[in-house]
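What the coordinates show
The residues making up each chain are set out below.
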Amino acid sequence: MNGDFMFGWNGKILRVNLSSNKISTQKFNSEFALSFLGGRGFAVKILWDELTPGIDPLSPENKLVLATGPLTGLPIPSSGKIVAASKSPLTGGYGDGNLGSIAAVELRKAGYDAIVIDGKAEKPCYINIEDDFVEVVSADDLWGLTTFECEKKLKQKHGKNIGVLTIGPAGENLVKYANILSQEGRAGGRPGIGAVMGSKKLKAIAIRGNKDISVASADDLKKLGADGYTSIKSREGYDFWRRQGTMMTIEWSQENSVLPTYNFREGVFDYAKNIDGYSMEKIKISQRGCPYCNMICGNVVRDFEDRQVELDYENVAMLGSNIGVGDLNLVSTLNRLADEYGVDTISVGNVIGFAMEASERKLISERVEWGDYKAARELIIKIVNREDIGDLLAEGVKKASEKIGVESYEWAMHVKGLEVSAYNCHTAIAMALAYATSPIGAHHKDSWVISWEVKTDRFGVNRSKAEKVVELQRIRGGIFESLTLCRLPWIELGFELEWYLKYLKAATGVTFTMDDLYVIADRIYNLIRAFWIREIGGWRREMDWPPQRWFNNPLTKGPFKGQKLDRDSYSKLLSWYYEVRGWDENGIPRKTTLKQLGLDYTIEKLEKIVNLTP
Ligand code: PTT
Ligand code: SF4
């Protein structure tokens, strides 16, 4: 095989420089694979090693990394995922996203584990990959198309079974929270990874692979895979999951007073029932999903304009309750527009909520009232085309609030520049910590601690909350993002983590324990923090704080009326978090922590920027 080890990984990275049109492959060794596994692990190591510190994320020097892991594309539950990462134009730090796509499977079958793209094409282009054949092709006829149209055209040209990753007009126009779409409903790369593609004039990547992925024991893998699917199907909750998928969370969030409402002012929405999973079931026409998944959760509905769209919790909460729209058909249309234009639904819902509040407070001249669907629809189009106020809003809420000034930073709902995803945290201090310490900015993907928190000690402030956040970050942000598999079988149906150890053994021949995987997860987390410190040029404790609104403006509705977060309690929790992570009081990794994780090579660089404590 590949490098100095035998199975699991292809051992090969495809590299494309769009300035020179140079296409090459690079082998990697087992040390790299075993230290970083794949996906997010590969991405951060490549970005740390190869980016010139301080570069502009939208310059040709930035690199786009698309990476899979050793289990991606194998016949085991929910293995069709891919990580898209880069230095983020939205936050200036490390950014990534994870999307389900046939492209993930095809990339592995084409013989690669990752693609690294740098440079900038002179004219719009796309990359076409079929096994060892790789070409950069003119995309003059694709530029300007929506993500749906672009994928369709590429399939007409290269075959209906290819995998396609594409940006829409938002990525082309460098909207700072443009993302990447696939299969008309799989989306990833919240921190502007679509804008990085746009800055390189790269419209899409089309992939077809015809090879077998070599594994240590194909028979074991086949049997374990089949057993896994059967086990998932037999779980309590499977049938309901197939009915509602993530949409069941609207009802849960409303019941628990955490549904983002009116720009995260409240945790309950008067019209929650109109946009919940049961309302969705009434308009659902079919179901779609990612490859190799038997939990398929993309709920396809017909929207207000009689077009098809897939609904998920985050999309509906952010384009529904958060902006006051209480009609699921209308929300669906906003969601579909975001998908077609390739703009992140969470950030765009957040930005629209911010604009509505700014309008209410008369800080902007435009009138955009809460719940005004038409105004929201228009705003999305203006943002995507960077017209009028859309140009400012395309920069995200952090930049918009800096421009608008007054006290607007208090209700600009972001952490480190990434807009908060769909959980209101007035009464969820551990979730606030999870947002504040997420390695890409305020995203729930690394630690969805809120479900544990509301069930256990909701109002307590104790070290176990910090420990739980770290534990979840290890599993979700470390293990699933580097194995590069969907985490939902584990979260939603309790599919035990031990399954993945068995899959790893059958695929790679290497025996991993959970502790081994935790060490890898910690290595990845610490390297991401080192990357941020290097790119930002320092670190302050305040960078790990949630938005001011949750401390300043108590809830005015629902069972927890009057509640808000307490600053001293949050500060205590953050200190415990730093202790558990082996970081100092300012959130900077200690030298001993870096050394224990084999990250000695970061020390010299970091010491030039910050004081490292022993
Ligand atoms: C993810 C974020 C999410 S998280 C949602 S809905 W969610 C939003 N989806 C968008 C969308 O759709 N269109 C759009 N234009 N923008 C969107 N932005 C939002 O992006 C998704 C599922 C979901 S649905 C979740 S939680 C899980 N996420 C996983 C993850 O992050 N990692 C992992 N290993 N497994 C995961 N499984 C689940 O995948 P970002 P998908 Mg997404 C239309 O990437 O940048 O992290 O943002 O991948 O294939 O669409 O599946 O209630
Ligand atoms: Fe994709 Fe949903 Fe299946 Fe996860 S559970 S792999 S998000 S279809």
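I will try to describe carefully the structure that is included in this document. Per chain, residue numbering runs from 1 following the sequence as it is written. Labels are handed out in written order, letters beginning with A for the chains and numbers beginning with 1 for the ligands. Confidence filtering applies because this is a predicted model: local features only for residues at pLDDT of at least 70, side-chain atom pairs given and counted only at 80 or more, and all residues used for totals across whole chains, interfaces and linings. Note: side-chain values were computed over all heavy atoms of the structure, leaving out hydrogens and water.

Moving on, we get to unusual backbone geometry. Trans peptide bonds make up most of the peptide bonds, and negative phi angles are found at most residues other than glycine. The phi torsion at L174 lies on the positive side, around 60°, for a residue other than glycine. Secondary structure counts use DSSP, requiring at least four H or I residues in a row for a helix and at least two E residues in a row for a strand, with both numbered from the N terminus. You can see L174 is positioned in the loop between α5 (169-172) and β10 (180-182). Residue burial is assigned from relative accessible area. The probe radius is 1.4 Å, only protein chains are included, and a residue is buried under 20% of its type maximum, exposed over 50%, and partly exposed in between. Relative accessible area serves as the criterion here: at 27%, L174 is assigned to the partly exposed category. Even without a glycine there, the phi angle at R386 is positive, about 55°. Within the fold, R386 resides in the loop between α14 (373-385) and α15 (389-393).

A few words on the pairing of strand β5 (residues 94-100). With respect to burial, β5 is a largely interior element, 7 of its 7 residues being buried. Burial along β5 is two-sided: Y94, D96, N98 and G100 and G95, G97 and L99, pointing in opposite directions, are all buried. Strands qualify as paired when DSSP identifies two bridges or more between them. Where strand β4 (residues 81-87) meets β5, 7 bridges bridge the pair, whose relative direction is antiparallel. Of the residues in β5, the one forming a bridge with K81 is G100. With antiparallel pairing between neighbouring strands as the criterion, β4 and β5 make up a hairpin whose turn holds 6 residues, including G92 at a positive phi of roughly 80°.

Quick look at the site of ligand 1 now. Distances are taken per atom, and a residue is near a molecule or strand as soon as one of its heavy atoms is within 4 Å of it. Neighbouring residues of ligand 1: 32 residues in total, closest N98, A187, D339, D344 and E481. Contributions of two or more residues to the shell around ligand 1 are made by β5, β11 (186-188), α11 (313-319), α12 (328-341) and α13 (345-360).

Below, the discussion takes up the coordination of the magnesium atom of ligand 1. Only N, O and S atoms count as donors, using a 2.8 Å limit from the metal and a wider 3.2 Å limit for Na, K and Ca, and since water is excluded some coordination spheres may look unfilled. Taken together, N98 (O) and A187 (O) make up the full set of protein donors to the magnesium atom of ligand 1, lying 2.4 to 2.7 Å away. One end of the pair, N98, is in strand β5; the other, A187, is in strand β11, with 89 residues separating them in the sequence. In this structure N98 comes out as buried when scored by relative accessible area, which is 18%.

Around ligand 2, the neighbouring residues are S78, K81, R186, G289, C290, C293, M295, I296, C297, C486 and L488. Under the scheme applied, nonpolar residues are Ala, Val, Leu, Ile, Met, Phe, Trp, Tyr, Cys and Pro; charged residues are Asp, Glu, Lys and Arg; polar residues are all the others, including Gly. Of the residues contributing to the shell around ligand 2, the split by class is 7 nonpolar, 2 polar and 2 charged.

A few words now on α14. The span one expects for a helix is its residue count, reduced by one, times 1.5 Å. For α14, which comprises 13 residues, the first-to-last C-alpha distance of 19 Å matches the rise-based estimate of 18 Å (1.5 Å per residue) to within 8%. Of all the residues in α14, the buried ones are Y373, A375, A376, L379, I380, I383 and V384. By definition, residues are in contact when any of their heavy atoms lie within 4.5 Å. Buried-residue contacts for α14 involve α5, α12, α13 and α15. Sitting at the head of α14, D372 places a side-chain oxygen 3.2 Å from the backbone nitrogen of K374. Just past α14, the residue R386 takes up positive phi, approximately 55°. Here a polar contact is taken to be a pair of N or O atoms separated by no more than 3.5 Å, where protein atoms must pair a possible hydrogen donor with a possible acceptor and residues adjacent in sequence count only if both atoms sit in side chains.

Time to look at the packing of helix α17 (residues 429-437) against helix α24 (residues 567-581). To characterise two packed helices, one gives the angle between the axes of the helices and the distance between these axes. Running from N to C, α17 and α24 point in directions that differ by 55°, and their axes come no closer than 10 Å. Classed by the angle they form, the pair α17 and α24 counts as oblique. Like other packed secondary-structure pairs, α17 and α24 cross with a definite hand, here right-handed. On α24, the residues touching I429, A430, A432, L433, A436 and T437 of α17 are S569, Y570, L573, L574 and Y577. Classifying every residue of the contact of α17 with α24 by side-chain character gives 9 nonpolar, 2 polar and no charged. The axes are straight lines fitted to the C-alpha atoms, using for helices just the contacting stretch, and the angles between their N-to-C directions are given from 0 to 180°. In these notes the angle categories are as follows: under 35 degrees is roughly parallel, over 145 is roughly antiparallel, 65 to 115 is roughly perpendicular, and the rest is oblique. Put simply, a crossing is left-handed when the front helix is turned counterclockwise from the back one by less than a right angle, and right-handed when it is turned clockwise.

A separate point is the sheet that holds β4. If you trace the 6 strands from one edge of the open sheet to the other, you get β2-β1-β6-β3-β4-β5, paired in mixed fashion. Where the open sheet ends on each side, the last strands, each with one partner, are β2 (22-27) and β5. Geometrically, the sheet is characterised by an average inter-axis angle of 20° between neighbouring strands, direction not taken into account. With 6 bridges joining them, strand β1 (residues 12-17) and β2 adopt antiparallel strand pairing.

This next bit is on the side chain of E481. Among the secondary structure elements, E481 is positioned in helix α19 (residues 463-483). Assessed through its relative accessible area of 3%, E481 is described here as buried. If we skip the residues at most four places from it in the chain, E481 touches G38, G39, R40, V83, N98, K445, R476 and R487.

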